[in-house]
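Here is how the chains run, residue by residue.
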Number of protein chains: 2
Amino acid sequence: MARIITISRQFGSGGRTIGKEVAERLRIPCYDSEILEKVVEASGFSRDYVEERGEYLSGKSSFFQAFVDRDYNGHSIQDDIFMIQQEVILDLAKSPCVFVGRCADYILRDRNDCLKVFIHADMESRARRIVEQYGEKSDSPMKRLKDKDSRRAAYYQFYTDMKWGDVRNYHIALDSGSLGIHKCVDILENLWKTF
Amino acid sequence: MARIITISRQFGSGGRTIGKEVAERLRIPCYDSEILEKVVEASGFSRDYVEERGEYLSGKSSFFQAFVDRDYNGHSIQDDIFMIQQEVILDLAKSPCVFVGRCADYILRDRNDCLKVFIHADMESRARRIVEQYGEKSDSPMKRLKDKDSRRAAYYQFYTDMKWGDVRNYHIALDSGSLGIHKCVDILENLWKTF
C-alpha cells in the first residue's frame, strides 16, 4: 500500500491544489512550503533565496550556469540547499504524506511505497490559472509559464540526471486542464487506497 | 461525456489487453486487428504487409527512409495505407468504442469526446510479457522492444508531426508495470463514466 504521494507539476497546472486536496481527504499532511520553512531554518538563508534556489536553476542559460557557480571543490550554495532539502524530505517521509515538487520523486526513488504523479495542462488553462492565483504581472502569463517550466526542468535534470516530465518516470500522469482538478483528486484518492 | 477511448501504448505494456477489458466492461467494441482487416479489404494489400506498414516505419533509419520511398508526386504506398486507415477509424468513431494504436488519437484530434490514454511500463515487465504472449524469438526481448518502440515512434511522428509518448498529448498516462493491468482498467472505466 502506498504511504507517500509525490506530485511533480507544470507551473500553473494546479498540482499543489491537487496535492492539498488529496492529502485532506486522506487525512495526511501535504508538504510544499513547509519544506521551504524547514530548509530556511536549517540553512540560515533567507526565505526568498531558498524558494528561488530550492526548485529552479537561475539565469537564462541556467543548466550551464549551474556548472559554473562553484568553488574549487566543484561545490555550490545551491548544492547545499539541495542536500538540506533532501534530508528534510527523507525525514518527513517516515510517515505517510504528500510531497509537491522539490525532486521528492527522485529523492524517494528507492522506496516502493511511493506513488509518483505528474500533473500537466495546456498553456491556456495554466495561463488562466496563474492570473487568477497570482494576479497580473508585468511579464505575459505565457512568458512566465515558459520561464518557470524551463528552469524547473533544468533544476530537476541537473540534480537527478533524469528528464522532468518524461512519462516513464511516473506511475500516473494527468491532464488537469481537461480532466479538472476534482477528477484528478478522485483518481489519486482511489489509487492511493489500492496501490 | 466521453464516447471514444484511444489507447497508445509501448510494445508489451498490455495496452491492447487493457483496451479489450475496458471495452468489455463498458459494453462497447474495441478496435485493434479489426481495423487491419478493414484496411486489407479496402486496399487489396496482404494482411502481413498492412500489419507492418499500418503502424511501423520500416528499416533501420526508418524516419528518413519514409521520405525516400516515394513516387514523383512525393507519394508512397504507406501514405495510401495511412489514408485508408484514417477513413476506417473516422467511420468506426461514429459510435462509442475503444481504439488501440494506429494514430487514432491524432486522427480524432478535433473531437472533444475522446479520452486519450498512454500505457507504458518498465523494460523488465514488458520483456516478461512479450515472452509470455508471443513466445521466445531469435532476437532478445529487449532488442525486440526497442526496435518496435522506435519504429512505432517514427511512424507516429512522421504522420502526426507530434512526439509519440509525450505526456502532454494524453489526458492520462499509466504505468501498467507498477499499477497492474486491472488497476488501469478500473481507472479508465471510472474515468469514462465522468469524463
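Worth saying up front: this structure is predicted, and the values here are computed from it rather than measured.

**Student:** How should the pairing of strand 3 (residues 97–100) of chain B be read in this particular structure?
**Tutor:** Regular strands place their side chains on alternate faces of the sheet. Residues and elements named next belong to chain B. Covered by surrounding structure in strand 3 are Cys97 and Phe99 together with Val98 and Val100, the residues of both alternating faces. Sheet topology note: the strand 2 (residues 30–31)/strand 3 ladder contains two bridges and is parallel. When the sheet's bridge partners are listed, Cys30 is paired in strand 3 with Val98.

**Student:** Looking at this structure, I do not really get helix 10 (residues 181–194) of chain A. What am I missing?
**Tutor:** At 3.6 residues per turn, the α-helix brings residues three or four places apart onto the same side. Helix length check: helix 10 of chain A (14 residues) gives 21 Å between terminal C-alpha atoms against 20 Å at 1.5 Å per residue, within 8%. Within helix 10 of chain A the residues assigned to the buried category are Ile181, Lys183, Cys184, Val185, Ile187, Leu188, Glu189, Leu191 and Trp192 of chain A.

**Student:** What am I meant to see in the packing of aromatic side chains here?
**Tutor:** Geometrically, a pair of aromatic rings is defined through the distance of the ring centres and the angle of the planes. Residue and element names in this part refer to chain A. A full pass over the atoms with the stated rule returns 17 aromatic pairs over all chains. With 5.0 Å between their ring centres and 85 degrees between their planes, Phe158 and Tyr159 make a pair best called edge-to-face. Of the residues examined, Tyr159 reaches a relative accessible area of 12% and is grouped as buried. Counting every residue linked through ring pairs, the aromatic cluster contains Phe82, Tyr155, Phe158 and Tyr159.

**Student:** Teacher, can you tell me more about the relation of the copies chain B and chain A here?
**Tutor:** With an axial shift of 0.0 Å and an RMSD of 0.0 Å, the rotation relating chain B to chain A amounts to 180 degrees. Both copies of the chain, as the preceding transformation shows, are related through a two-fold rotation axis. By residue overlap, the copies meet face to face through one surface: 100% of the interface positions of chain B are interface positions in chain A.

**Student:** So what exactly am I meant to see when it comes to the sheet that holds strand 2 (residues 30–31) of chain A here?
**Tutor:** Sheets are built from strands that pair by backbone hydrogen bonding, the pairs being arranged parallel or antiparallel. The ten strands are arranged 2(A)-3(A)-1(A)-4(A)-5(A)-5(B)-4(B)-1(B)-3(B)-2(B) in an open sheet whose pairing can be described as mixed. Every other strand in the sheet has two partners, leaving strand 2 of chain A together with strand 2 of chain B as the edge strands with one partner each.

**Student:** Can you walk me through the environment of Lys193 of chain B in this structure?
**Tutor:** Residue and element names in this part refer to chain B. Mapped onto the elements, Lys193 comes out in helix 10 (residues 181–194). The exposure class of Lys193 is partly exposed, given its relative accessible area of 49%. Residues Lys193 and Asp147, 46 residues apart in the sequence, show an inter-C-alpha distance of 36 Å. Within the structure, the side chain of Lys193 is placed 3.3 Å from the side chain of Glu189, a separation counted as a polar contact.

**Student:** Would you explain the interface of chain B and chain A in this entry?
**Tutor:** Accessible area lost upon the coming together of the parts serves often as the stated size of an interface. Taken together, the contact pairs 21 residues of chain B with 21 residues of chain A. In total, chain B and chain A occlude about 1,600 Å² of area from one another, counting both sides; carbon and sulfur atoms represent 65% of this. At the boundary of chain B and chain A, one finds zero salt bridges. The tally of links from chain B across to chain A stands at seven residue pairs in polar contact (both at pLDDT 80 or more). Elements supplying a minimum of two residues to the side of chain B that touches chain A: strand 4 (114–120), strand 5 (172–175), helix 9 (176–179) and helix 10 of chain B. Two elements, strand 5 (residues 172–175) of chain A and strand 5 of chain B, share three bridges in a ladder whose sense is antiparallel. Paired with Ala173 of chain A across the two strands is Ala173 of chain B, which belongs to strand 5 of chain B.

**Student:** Please clarify how the packing of helix 7 (residues 123–134) of chain B against helix 8 (residues 141–160) of chain B should be interpreted in this entry.
**Tutor:** Pairs of packed helices are described in terms of their axes, by the angle between the two and the distance that separates them. Residue and element names in this part refer to chain B. Their axes nearest at 9 Å, the elements helix 7 and helix 8 cross at an angle of 100 degrees. In terms of axis orientation, helix 7 runs roughly perpendicular to helix 8. Between helix 7, through Met123, Glu124, Arg126, Ala127, Ile130, Val131 and Tyr134, and helix 8, the contact on the second element is made entirely by Pro141, Met142, Arg144, Leu145, Lys146 and Asp149. Classifying every residue of the contact of helix 7 with helix 8 gives eight nonpolar, no polar and five charged.

**Student:** Whenever I open this one, the packing of helix 1 (residues 15–26) of chain A against helix 10 of chain A confuses me. Can you help?
**Tutor:** Residue and element names in this part refer to chain A. Where helix 1 meets helix 10, the axes come as close as 9 Å, and the angle between the chain directions of the two elements is 45 degrees. On the basis of the axis angle, helix 1 is oblique to helix 10. The way helix 1 lies across helix 10 gives a crossing that is right-handed. Along the contact surface, helix 1 presents Thr17, Ile18, Glu21, Val22, Arg25 and Leu26, while helix 10 presents Ile181, His182, Cys184, Val185, Asp186, Leu188, Glu189, Trp192 and Lys193. Residues belonging to the contact of helix 1 with helix 10 are distributed by class as follows: eight nonpolar, two polar and five charged.

**Student:** What is the right way to read the environment of His75 of chain B from this model?
**Tutor:** Residues and elements named next belong to chain B. With respect to the helices and strands, His75 occurs in the loop between helix 4 (62–68) and helix 5 (77–92). Exposure remark for His75: the relative accessible area of 34% places this residue in the partly exposed category. Distance in space between the C-alpha atoms of His75 and Arg25 is 41 Å, their sequence separation being 50 residues.

**Student:** Looking at this structure, how should I read the nonpolar core?
**Tutor:** Generally speaking, a soluble globular protein has its nonpolar side chains buried in company with each other. Ile35 and Phe99 of chain A together with Ile35 and Phe99 of chain B are the most contacted members of the largest nonpolar core, which has 64 residues in total. Among the nonpolar cores identified, the runner-up in size contains 46 residues, and Leu26 of chain A together with Val100, Leu179 and Leu191 of chain B belong to it.

The rules behind the values
Residue positions are given per chain, counted from 1 along the sequence in the order it is written. Think of it this way: whatever chain is written first is A, whatever ligand is written first is 1, and the rest follow in order. Where totals are concerned, whole chains, interfaces and linings use all residues; where local detail is concerned, this predicted model gives features only for residues with pLDDT of at least 70, and gives and counts side-chain atom pairs only at 80 or more. Hydrogens and waters are ignored; side-chain quantities use all the structure's heavy atoms. Buried, partly exposed and exposed residues are distinguished by accessible area as a fraction of the type maximum, computed with a 1.4 Å probe on protein chains only: under 20%, between the cut-offs, and over 50%, respectively. Per the convention used, a helix needs a DSSP run of H or I reaching at least four residues, while a strand needs a run of E reaching at least two, with both numbered from the N terminus. Pairing between strands requires that DSSP locate at least two bridges from one strand to the other. The span you would expect from a helix comes to 1.5 Å times its residue count less one. Between the rings of Phe, Tyr and Trp (Trp by its six-membered ring), a pair exists once the centres lie within 6.5 Å; its type follows the angle of the planes, with under 30 degrees stacked, over 60 edge-to-face, and the other angles tilted. For this overlay, a least-squares fit was computed on C-alpha atoms, restricted to residues scoring pLDDT of at least 70 in both copies. Note on definitions: a residue-residue contact is assigned when non-hydrogen atoms from the two residues lie within 4.5 Å. The definition of a polar contact used here is a pair of N or O atoms within 3.5 Å, where within protein one atom must be able to donate a hydrogen and the other to accept one, and adjacent residues in sequence count solely through side-chain atom pairs. Once two parts are brought into contact, the accessible area they lose, counted with a 1.4 Å probe and summed over both, makes up the buried area. We count a salt bridge whenever a side-chain nitrogen from Lys or Arg sits within 4 Å of a carboxyl oxygen from Asp or Glu. Lines are fitted to the C-alpha atoms to define the axes, a helix being fitted only along its stretch in contact, and any angle between axes, read from their N-to-C directions, falls within 0 to 180 degrees. Just so you know how the angles are binned, under 35 degrees is roughly parallel, over 145 roughly antiparallel, 65 to 115 roughly perpendicular, and the rest oblique. Each residue is assigned to one class: nonpolar for Ala, Val, Leu, Ile, Met, Phe, Trp, Tyr, Cys and Pro, charged for Asp, Glu, Lys and Arg, and polar for all the others, Gly among them. Working rule for handedness: look at the near helix, and if it is turned counterclockwise from the far one by less than a right angle, call the crossing left-handed; if clockwise, right-handed. We define the nonpolar core as a collection of buried residues of types Ala, Val, Leu, Ile, Met, Phe, Trp, Tyr and Cys that are connected through side-chain atoms lying within 4.5 Å of one another.

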